[in-house]
Amino acid sequence: MPDTAQAPAWHVDAAKYEEMYKASIADPEAFWGEEGKRLDWIKPYSKVKNVDFGYPDVSIKWYEDGTLNVASNCVDRHLEKRGDQTAIIWEPDDPSAPAQHIRYSELHENVCRMANVLKAQGVGKGDRVVIYLPMIPEAAYAMLATARIGAVHSIVFAGFSPDALANRINDCDAKVVITADEAPRGGRKTALKSNTDAALLHCKDRVKCLVVKHTGGQTTWTEGRDIDVKAEMAAASTDCAPEEVGAEDPLFILYTSGSTGKPKGVVHTSGGYLVYAAMTHQYTFDYHDGDIFWCTADVGWVTGHSYIIYGPLANGATTLMFEGVPTYPDASRFWQVCEKHKVNQFYTAPTAIRALMGQGSEFVEKCDLSSLRLLGTVGEPINPEAWNWYNDVVGKGKCPIVDTWWQTETGGHLITPLPGAIETKPGSATKPFFGVHPVILDPTSGEEITETEAEGVLCIKDSWPGQMRTVYGDHERFVSTYFEQYKGYYFSGDGCRRDADGYYWITGRVDDVINVSGHRMGTAEVESALVAHSSVAEAAVVGYPHDIKGQGIYAYVTLMNGIEPTEDLRKELEKWVRSEIGPIAKPDLIQWAPGLPKTRSGKIMRRILRKIAEDDFGALGDTSTLAEPAVVEDLIDNRMNRK
Ligand code: WTA
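As a convention, each chain's residues are numbered from 1 in the sequence order in which they are written. The predicted nature of this model means local features are confined to residues of pLDDT at least 70 and side-chain atom pairs, given and counted, to a pLDDT of 80 or more, with totals for whole chains, interfaces and linings taken over all residues. The side-chain values count all of the structure's non-hydrogen atoms but skip hydrogen atoms and water molecules.

**Q** How should I be thinking about the overall build of the chain in this particular structure?
**A** Helix numbers and strand numbers start at the N terminus; a helix is a DSSP run of H or I with at least 4 residues, a strand a run of E with at least 2. A count of helices and strands for the chain gives 20 helices and 30 strands. Using C-alpha atoms as the atom set, the radius of gyration is obtained and then compared with a globule rule of 2.2 Å times the number of residues to the power 0.38. Taken against the 2.2 N^0.38 rule, which gives 26 Å for 643 residues, the C-alpha radius of gyration of the chain at 24 Å falls within 12% of a compact globule. If one aligns the C-alpha atoms of the chain with their principal axes, the spans along those axes are about 75 × 65 × 55 Å. Working definition: with a 1.4 Å probe on protein chains only, accessible area under 20% of the residue-type maximum means buried, over 50% means exposed, and in between means partly exposed. The buried share among the 643 residues of the chain stands at 60%. To measure how exposed things are, a 1.4 Å probe is used in the Shrake-Rupley method; for residues, cover is taken only from the protein chains shown. For the chain, the computed accessible surface area is about 24300 Å², with 48% contributed by carbon and sulfur atoms. Seen as two clouds, the 65 positive and the 89 negative side-chain charges of the chain have centres 2 Å apart. Residues counted as positive are Lys and Arg, residues counted as negative are Asp and Glu, and His and the chain ends are not counted. Every charge is mapped onto a representative atom, which is NZ of Lys, CZ of Arg, CG of Asp or CD of Glu.

**Q** Looking at this model, I keep getting lost on the UniProt feature "binding site: ATP" (unreviewed entry) in the chain. Mind explaining?
**A** UniProt positions are given in the numbering used here, feature names are shortened, and annotations may be inferred rather than shown by experiment. Within this structure's numbering, the places UniProt gives as "binding site: ATP" (unreviewed entry) are G379, E380, P381, D403, T404, W405, W406, Q407, T408, D494, R509 and R520. Among the structural elements, T408 can be located in the loop between β20 (401-404) and β21 (438-441). Residues within four places of T408 in sequence aside, it is in contact with L254, T256, V266, H268, V302 and R520. Position of R520 relative to the elements: it lies in strand β27 (residues 519-522). Residue classification places R520 among the buried residues on the basis of a relative accessible area of 17%. Of the polar contacts made by the side chain of R520, one reaches the side chain of T256; its length is 3.4 Å. Here, residues are in contact when the closest pair of their heavy atoms is within 4.5 Å. Think of a polar contact as two N or O atoms within 3.5 Å of one another; within protein, one of them needs to be a possible hydrogen donor and the other a possible acceptor, and neighboring residues in sequence only count if both atoms come from side chains.

**Q** What is the right way to look at the site of the ligand in this model?
**A** Here a residue is considered near a molecule or strand provided that any single heavy atom belonging to it is located within 4 Å of it. Every one of the 17 residues lining the ligand counts as a neighbour, but D403, T404, T408, D494 and R520 are closest to it. In this structure, E380 approaches the ligand through a main-chain N or O atom, which is 3.4 Å from a nitrogen atom. Here the ligand loses 95% of its free accessible area of 540 Å² to cover by the protein chains. Residue assignment for the shell around the ligand shows that the elements contributing at least two residues are α11 (302-314), β20 and β25 (504-509). Nonpolar residues are Ala, Val, Leu, Ile, Met, Phe, Trp, Tyr, Cys and Pro. Charged residues are Asp, Glu, Lys and Arg, and all others, Gly as well, are polar. A per-class count over the shell around the ligand returns six nonpolar, six polar and five charged.

**Q** What exactly am I supposed to notice about the environment of S535 here?
**A** Mapped onto the elements, S535 comes out in the loop between α17 (523-531) and β28 (536-546). Look at S535 and you get buried, because its relative accessible area is 10%. In this structure the C-alpha to C-alpha distance between S535 and I149, which are 386 residues apart in sequence, comes to 48 Å. If sequence neighbours within four positions are ignored, S535 has contacts with L559, M560, I563 and L569.

**Q** Teacher, can you tell me more about the side chain of Q407 here?
**A** Positionally, Q407 belongs in the loop between β20 and β21. What Q407 contacts, discounting residues up to four positions off in sequence, is V302, Y490, S492, D494, R509 and R520.

**Q** Help me out: how do you make sense of the side chain of E91 in this one?
**A** Among the secondary structure elements, E91 is positioned in strand β4 (residues 86-91). Reaching out from E91, the side chain makes a polar contact with the side chain of K340 at a distance of 2.9 Å. Apart from residues lying up to four places away in sequence, E91 is in contact with A99, L320, M321, F322, E323, R333, V337, K340 and H341.

**Q** Looking at this structure, I do not really get the domain arrangement of the chain. What am I missing?
**A** How big an interface is tends to be reported as the loss of accessible area on association of its parts. According to the domain assignment, the chain consists of domain 1 (99-243) and domain 2 (517-638). On a C-alpha basis, the centres of domain 1 and domain 2 stand 37 Å from each other. Listed as interface residues are six residues of domain 1 and, on the opposing side, seven residues of domain 2. The term buried area denotes the loss of accessible surface (1.4 Å probe radius) that occurs when two parts are joined, taken as the sum for both partners. Buried surface at the junction of domain 1 and domain 2, summed over both partners, amounts to about 460 Å²; 54% is from carbon and sulfur atoms. The salt bridge criterion pairs a side-chain nitrogen of Lys or Arg with a carboxyl oxygen of Asp or Glu, the two atoms within 4 Å. The tally of links from domain 1 across to domain 2 stands at zero salt bridges. Applying the counting criterion to the domain 1 and domain 2 interface returns three residue pairs in polar contact (both at pLDDT 80 or more). Either an automatic procedure or a domain database provided the assignment from which the domain bounds are taken.

**Q** Where do I start with the environment of D226 in this structure?
**A** Looking at the element boundaries, D226 is found in strand β12 (residues 226-228). A residue is classified by how much of its surface remains accessible, and D226, at 6% relative accessible area, is buried. Considering only alpha carbons, one finds D226 and V177, 49 residues apart in sequence, at a separation of 9.8 Å. Apart from the residues within four sequence positions on either side, D226 is in contact with K193, D197, C209, T220 and W221. Here K193 takes part through its side chain, which lies 2.8 Å from a polar atom of the side chain of D226. Within the local environment of D226, its side chain forms a polar contact with the side chain of R225, the two groups lying 2.8 Å apart.

**Q** Any chance you could explain the pattern of salt bridges here in plain terms?
**A** Enumeration over the complete set of coordinates arrives at 38 salt bridges. The partner of E567 in a salt bridge is R570, with the nearest N and O atoms 3.1 Å apart. Note that E567 and R570 are positioned in helix α18 (residues 567-580) at a spacing of three residues, about one turn of the helix. Classification of R570 as buried rests on a relative accessible area of 14%. Among the charged side chains, a network of salt bridges with common partners joins K193, D197, R225 and D226.

**Q** What am I meant to see in the sheet that holds strand β24 (residues 490-498) here?
**A** Paired through their backbone hydrogen bonds, the strands of a sheet run either parallel or antiparallel. Across the sheet, four strands lie side by side as β21-β22-β24-β25; this open sheet has antiparallel pairing. With one partner strand each, in any of the chains shown, β21 and β25 form the two edges of the open sheet. Adjacent strand axes in the sheet meet at a mean angle of 45°, parallel and antiparallel pairs treated alike. When β24 meets β25, the two strands line up antiparallel, connected through five bridges. Of the residues in β25, the one forming a bridge with R498 is Y504. A pair of strands is treated as paired once DSSP finds two or more bridges between them. Axis lines are fitted to C-alpha atoms, over the contacting stretch for helices. Their N-to-C directions set the angle, which ranges from 0 to 180 degrees.

**Q** Mind showing me how you'd approach the pairing of strand β11 (residues 208-212) here?
**A** Within a regular strand, the side chains alternate between the two sheet faces. Within β11, four of the five residues are buried, which leaves the element mostly enclosed by the surrounding structure. Pairing geometry for strand β8 (residues 176-180) and β11, over five bridges, is parallel. What sits directly across from I178, in β11, is L210. In this sheet, β12 lies alongside β11 in parallel orientation, the contact comprising three bridges. Bridge assignment links V211 to a residue of β12, and that residue is D228.

**Q** Please explain the pairing of β28 as it appears in this structure.
**A** Burial analysis of β28 places eight of its eleven residues in the buried class, the great majority of the element. With ten bridges joining them, β28 and strand β29 (residues 550-559) adopt antiparallel strand pairing. Among the inter-strand pairings, A540 is bridged to a residue of β29, identified as Y556. Hairpin connection, β28 to β29: the antiparallel pair is bridged by three residues.

**Q** Help me understand the nonpolar core, please; the structure alone is not making it clear to me.
**A** Among soluble globular proteins, nonpolar side chains are generally buried collectively. Nonpolar cores were defined as sets of buried Ala, Val, Leu, Ile, Met, Phe, Trp, Tyr and Cys residues, with membership established by side-chain atoms within 4.5 Å. Grouped together as the largest cluster of nonpolar side chains are 166 residues, with contacts concentrated most on L107, L144, Y310, F434 and V557. Here this core gathers at least three residues from each of two domains, domain 1 (99-243) and domain 2 (517-638). Apart from the residues lying within four places of it in its own chain, the contact partners of L107 are V75, A87, I88, I102, Y141, L144 and L313.

And the structure:
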């Protein structure tokens, strides 16, 4: 641990936080007008905020008359001062393979080359590019190259199945998909190219497939459609003028799960998103010039977008990108990488912390973690036991922990401690970030609870620049999902408690979204995958508490008449869901349910199914509205043992 004398002073202290927070709420125009200057604008904005949260005419615009290019803000503008500084440290899955240090000047060259490759395929401003890549430098090049030419990327997590990939390519009507031959993770390889081949069978013929030959693994090749990215990049020019885009032009689409229907394409735009990602990266992580920042997320999730790529690079930071997993070759990998690259800020998910805690502290203690100055978590509530282990064993009691609450929809942190300014409490995301006005509403009346101590649903009263603008191709769905139930507010879908000190404690989703190992999933998606199997008549999926994953997936399955429930069928259904959605959606427990509890009008009573999955039968509540109360007895008698 560096002496406190050597560590830089925190960006803000308690008094400064109070002062800035008050100013940000009192006069958002002035506050964000000033903050917007952290970017380089081609044409400066004159209008800062133009927001209407009023149902049904929701409209959100920030810096609307300004123009810029996101990639030049993340790369070009740093060249003069820090062209030789490392922009990206890439640590491969295999610890014996060399790490790469990509300087800002090299990043610039590669982004320009990749941008020219995209242009040569006819990709232009506003066109959609789907990225289905492992955690390799080319993923960063692809994102920034897309932004450079004013196109819009949509990253699909490499753990998703061909079906999920095809749905996303089709929903956003992408012109190209960028993939790799294989994705190595934890010593195993996923065949991304063959997944992409399978997906493209369900897409328009014109979709081009750009392939990064990463492992050299064998792939089938479709002439005229498949393009060798590395070969094309090597031949392409390192010159590519950045396209001027409007602040409100889309930067990316990211599909995320909701409580109903298929995943929705969350749209983020260029100006406000980048201001917000950069600002939160600087303040929440107390980033200073020269620091080495590591966010362990995958670029397939929003955390990877905002805190591996856009936030850090907009700030001219050194960001670490890790291809592997926390437990390969063993449970000390994270800490070895911290030691090797002298990481200063480390940001991960509670599920990883719990898994590593279970392996024992010796894996941490054998590494030199003296470079660490701050630790962060994201994705789900962190239980105090894991928080304390993180604090004591990893942080040696000297690193503030920032428990950051936010969502794909919010673009960046909304509720989080700021180190040096806000005292932490294990399990609390503490206080709102600048410009964020959280409120707790009574779930039934929708009234704001104004007492400091409160519990209810978490809404946000006014916009912040990083907020999503719409659902791709379906603005109505945007309005009805986030603005209809509680009029005049952005509804987060999370429950929340505020304590006597005004600290916020997120209690989890109040809708049918579950959070499995920090991955967000709609129970409806898993259900529709199950019922697509010919043996399944009906399925209901709920979450249940799981020691490592936070929540596990519990599926109640009613089979077609005449189909016998067998262990083989159970395995087949698990495999089926993996192939329909991806490994992260595989049910942990499948219970055969001869019947599901329904109201007389035929609605499945999930509240009851959740209680059974949680082993909490005392609290089943009112079952008098059930069409067949005996169904519940059967489900309780035959419930699965939680692992
Ligand atoms: C949950 C991830 C408690 C929450 C950035 C939210 C959290 C959902 C926290 C969004 C946290 C995220 N404490 N819960 N610090 N961070 N969540 O869209 O339920 O993948 O609504 O974005 O994760 O998940 P998403």
